Amino acid sequence: MTDTDVLMDMSVLKKYIGGRTALVAQGGGQRGIFTSGVLDAFLLNNFDPFTSFYGTSAGALNLCAFLCRQRGIGRSFILDLTTDPKFFHLFRFIRRKQFLDLDWALDKISRPPYLLDIETGRHVLGNRNAYAAVTDTHRLMDHYLPMFDHDWRQVLVATCAIPRLYHQPIRFPHGEYVDGGVSATIPVQEAWRKEARCIIVIRTEGEDISGNDNEIEQANFSNWQTTVLNTLHERWQDKLERLKNDWAQFFSEQLVRVSQESEVKDQRDALSGGRWLFGADDVYRLSHLLGDKFDSGLADMLAVHYQTYSLTQSFLQSPPDDCFIIQIKPSRLLRSSSLLSNKDELLSDYELGLEAGQRFVDSFSKCLFERAIEENK
């Protein structure tokens, strides 16, 4: 589903309405303003049939605003705060005088004139669940933290704490975490593992980027079970260990692939840009610009990101037989970037999100109405 087209089998969807319905929001930095538009359309229509929520990075921040019932606050966070030089200034960052200042932004959004209303969010959430995806720095695996507990602010920082741009991992008693986009840019598998069977996914990308991994292409993802997911992860962990000794070759191959896909699809960020703040080639250049060693730790994160995103993409294209997944996507490439976008670009993408959200509400509500009529016959 986009702001212009709806491709959805209503007869099948009706079978999944009424059970566990999850809302999943992809990350994407400032491109998350598209998600802000979608969720503001939901609020305008008083639309919230969801039993659980899963978000990564900007997606988690937008879900927080949605549950706090504050229309426009997600838009303001991106449009006003992330474009402020106090949040990020490239040349100050290069001179090592300023990292990504998530703490400043969350402090601003928690005070007037914005005043994020966490208490209302907790009340609205009630007995439902809302999770932010983070990445365990030791195992490089995705982990999910409740968004409205006493440490809600620390959780929101953790899901956005992009390695090399934020100054340190975020420490909790149970572990140390960085940006959820490293391991779970679209936490749709977690929603399915937690038994959601109607899953609405808000994307910050248009067309999918197909992968060439032979093992993934040969797998039958329509019959995925939890054990299969675990097996695939273990196999990737073994592969990752072998790659640690030769990460440079792996990274070079992926850069070649990015360039090739860029020519075909006009997308320079095929490896991770738009999903994990910068494209992989930008991370590489940035590290050299700062005089940092592009070590195996960062290479591991890029490798894990690429592999997990490929698995997620395959999951979305061929979901298990026991669930129904709807993707809300922009109909075109978003004008904004993950960072350093101008306000005109952001406003354009916000309007695109509003349109896509309204079309979804209209279609989903129609399906709910038809199902109710059929049940009352």
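Note that the coordinates shown come from a computational prediction; the quantities given were computed from them, not determined experimentally.

S.K.: Provide a residue-level description of the packing of helix α6 (residues 102-109) against helix α8 (residues 152-160), including the pertinent values.
M.R.: At a minimum axis separation of 10 Å, α6 and α8 run at an interaxial angle of 135°. It follows that α6 is oblique to α8 by the angle criterion. Two packed elements cross with a definite hand, and for α6 against α8 that hand is right-handed. The residues of α8 that touch α6, namely those facing Leu102, Asp103, Leu106 and Asp107, are Arg153, Leu156, Val157 and Cys160.

S.K.: A description of unusual backbone geometry should follow, citing residues and the corresponding values.
M.R.: The step from Pro112 to Pro113 runs through a cis peptide bond, and the omega angle for that step is 10°. Along the polypeptide, Pro113 turns up in the loop between α6 and α7 (118-125). The residue Ser57 is not glycine, and still its phi comes out positive at about 55°. Residue placement: Ser57 occurs in the loop between β2 (52-56) and α3 (58-67). Here Ser57 falls in the buried class, since its relative accessible area comes to 11%. For Leu340, which is not a glycine, the phi torsion comes out positive at approximately 65°. Structurally, the position occupied by Leu340 is in the loop between β8 (324-328) and α15 (343-376).

S.K.: Outline the pairing of β2, listing residues and values.
M.R.: Of all five residues in β2, five are buried; the element is thus mostly enclosed. Residue alternation in β2 divides its side chains into two sets, Ser52, Tyr54 and Thr56 and Phe53 and Gly55, and both sets are buried. Handedness of the crossover joining strand β1 (residues 21-25) and β2 through helix α2 (residues 33-44) is recorded here as right-handed. Sheet analysis places β2 next to strand β3 (residues 129-136), joined by five bridges and oriented parallel. What sits directly across from Gly55, in β3, is Ala132.

S.K.: Explain the environment of Leu140 to me, and be specific about the residues and the numbers.
M.R.: Within the secondary structure, Leu140 is located in the loop between β3 and β4 (142-146). In sequence terms Leu140 and Val304 are 164 residues apart; their C-alpha atoms lie 7.3 Å from each other.

S.K.: Describe the packing of aromatic side chains, with residues and values.
M.R.: In the structure shown here, the tally under the stated rule is 13 aromatic pairs. Ring centres of Phe42 and Phe47 lie 5.1 Å apart, and the angle between their planes is 65°; on these two criteria the pair is classed as edge-to-face. By the burial criterion, Phe42 is buried, and Phe47 matches it. Site record: aromatic cluster; members linked through ring pairs are Phe42, Phe47, Phe50, Phe53, Phe66, Phe360 and Phe364. For Arg69, the ring lying beneath its charged end belongs to Phe66, and the centroid distance is 5.0 Å. The ring of Tyr350 has Arg75 sitting right over it, with the charged end atom 5.2 Å from the ring centre.

S.K.: Before we move on, could you go through the nonpolar core and cite the residues and values that matter?
M.R.: Generally speaking, soluble globular proteins have nonpolar side chains that are buried together. One finds Leu23, Phe42, Phe53, Phe148, Ile200 and Phe364 to be the most contacted residues of the largest nonpolar core, which totals 77 residues. With nine residues, α15 is the single largest residue contributor to this core.

Rules of the game
Residues numbered from 1 in each chain as written. Predicted model: local features only at pLDDT ≥ 70, side-chain atom pairs only at ≥ 80, totals over all residues. Heavy atoms only, no water. Axes fitted to C-alpha atoms, helices over the stretch in contact; angles between N-to-C directions. Helix = DSSP H or I, 4+ residues; strand = E, 2+ residues; numbered from the N terminus. Parallel < 35°, antiparallel > 145°, perpendicular 65-115°, else oblique. Left-handed = near helix turned anticlockwise from the far one by under 90°. Contact = heavy atoms within 4.5 Å. Buried < 20%, exposed > 50% of the residue type's maximum accessible area, 1.4 Å probe, protein only. Right-handed = clockwise from strand over helix to strand, strands pointing away. Pairing = 2+ DSSP bridges. Phe/Tyr/Trp six-rings, centres within 6.5 Å; stacked < 30°, edge-to-face > 60°. Lys NZ or Arg CZ within 6 Å of the ring centre and 35° of its normal. Core = buried A, V, L, I, M, F, W, Y, C linked by side-chain atoms within 4.5 Å.

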